[in-house]
Amino acid sequence: MKIKIDETKKKMLKSYLRAVIASAFVLVLALVADVKPEIAVLLGALLAPGAKYIDPSETDFGIIAEKSMAQLKKTKKKAE
């Protein structure tokens, strides 16, 4: 059985899964690792955006987006 998912739904699913992983990370830090809840929440809040930043398939935010913007600026300067 093969499920067909369009690009928008794939992005939504990836975003949702990042949030779930960040939440699970916070839960593990707070309960299992015996880290203060405030620190666990702070680390979890940094985890999801950090994961999106390093994801090479993300084009709206992150490493690839920065490279794309730099390339666009170079192209624009050449056109002028």
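So, how was this worked out
- Residues numbered from 1 in each chain as written.
- Predicted model: local features only at pLDDT ≥ 70, side-chain atom pairs only at ≥ 80, totals over all residues.
- Heavy atoms only, no water.
- Axes fitted to C-alpha atoms, helices over the stretch in contact; angles between N-to-C directions.
- Helix = DSSP H or I, 4+ residues; strand = E, 2+ residues; numbered from the N terminus.
- Parallel < 35°, antiparallel > 145°, perpendicular 65-115°, else oblique.
- Left-handed = near helix turned anticlockwise from the far one by under 90°.
- Contact = heavy atoms within 4.5 Å.
- Nonpolar A, V, L, I, M, F, W, Y, C, P; charged D, E, K, R; others polar.
- Expected span 1.5 Å × (residues − 1).
- Buried < 20%, exposed > 50% of the residue type's maximum accessible area, 1.4 Å probe, protein only.

### Here we look at the packing of helix α1 (residues 7-31) against helix α2 (residues 37-54)
Between α1 and α2, the least distance of the axes is 9 Å, while the angle of their chain directions is 150°. Between α1 and α2, the angle is such that the two are roughly antiparallel. Of the two elements, α1 crosses α2, and the hand of that crossing is right-handed. Residue-level inspection shows Arg18, Ile21, Ala22, Phe25, Val26, Leu29 and Ala30 of α1 in contact with α2, the latter providing Ala40, Val41, Leu43, Gly44, Leu47, Ala48, Ala51 and Lys52. The residue makeup of the contact of α1 with α2, split by class, is twelve nonpolar, one polar and two charged.

### So, α1
Over its 25 residues, α1 extends 36 Å from the first C-alpha to the last, a length consistent with the 36 Å expected when each residue adds 1.5 Å. Those residues of α1 not exposed but buried are Arg18, Ala22, Val26 and Leu29. Looking at the buried positions of α1, the neighbouring elements they touch are α2.

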